[in-house]
Amino acid sequence: MSAFSPATQAWFDDVFEQATDVQARGWPAIQRGAHSLLLAPTGSGKTLAAFLCGIDAVGKLPEDAPPGVRVLYVSPLKALVYDIERNLRAPLAGIQRTAERLELPFRPARVDVRTGDTPQKDRARQRKDPGEILVTTPESLFLLVGSSSRETLRTVHTIIID
């Protein structure tokens, strides 16, 4: 895990005994920017492996980086709530707290959710001031790409398809 920032590494070490096999084998390829397919049983840490790389990359961005989505997570609606809480919001908050405690630099990431239920006012805000991480469904991504909001996706460096 040496390619992770000190804050991410410290958080992971505090929370987990060790990386799972799929994480240890997947992280080097993901961090190199290689197209990666993580294949392992449910509960093996695949989603966290992908999110952690994306969260860490956003955390390393300079404070004055231009706005835009950096991590795009696409998943069926039924999986969104569980995955967002366990594999995204908890690590984000934990890494931020760890960075503050250790006085390490780490840029916090904002998370936007875009589904068919997203109110119009939230969609308008996401167009003007997008979060660095966008969580969406395949159906909503299709509509997003076909609209003027697709411009917010020009800065994406990581796409996670669950």
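What you see is a predicted model; the values in this text were computed from it and never measured.

(A) Structural context of the pairing of strand S4 (residues 158-161). Alternating residues of S4 divide into Thr 158 and Ile 160, all buried, and Ile 159 and Ile 161, none buried. By the bridge criterion, 4 bridges tie strand S1 (residues 71-74) to S4 in an arrangement that is parallel. Note on S4: the bridge partner recorded for Tyr 73 is Ile 160.

(B) Fine view of the packing of aromatic side chains. Taken as a whole and judged by the stated rule, the model has 5 aromatic pairs. Measuring from centroid to centroid gives 5.1 Å for Phe 4 and Trp 27, while their planes differ by 90 degrees, and the two rings are edge-to-face. A residue pair is termed long-range when its members are at least 10 positions apart, and Phe 4 in the segment before helix H1 (6-15) and Trp 27 in helix H2 (residues 21-32) qualify at 23 residues. Here Trp 11 and Phe 16 contribute two aromatic rings whose centre-to-centre distance is 5.8 Å and whose plane-to-plane angle is 80 degrees, an arrangement assigned as edge-to-face. On the accessibility criterion, Trp 11 (8% relative accessible area) is buried. Members of the aromatic cluster, connected to one another through ring pairs, are Phe 4, Trp 11, Phe 12, Phe 16 and Trp 27.

Rules and cut-offs
- Residues numbered from 1 in each chain as written.
- Predicted model: local features only at pLDDT ≥ 70, side-chain atom pairs only at ≥ 80, totals over all residues.
- Heavy atoms only, no water.
- Buried < 20%, exposed > 50% of the residue type's maximum accessible area, 1.4 Å probe, protein only.
- Helix = DSSP H or I, 4+ residues; strand = E, 2+ residues; numbered from the N terminus.
- Pairing = 2+ DSSP bridges.
- Phe/Tyr/Trp six-rings, centres within 6.5 Å; stacked < 30°, edge-to-face > 60°.

Just distances and angles here, no functional claims.
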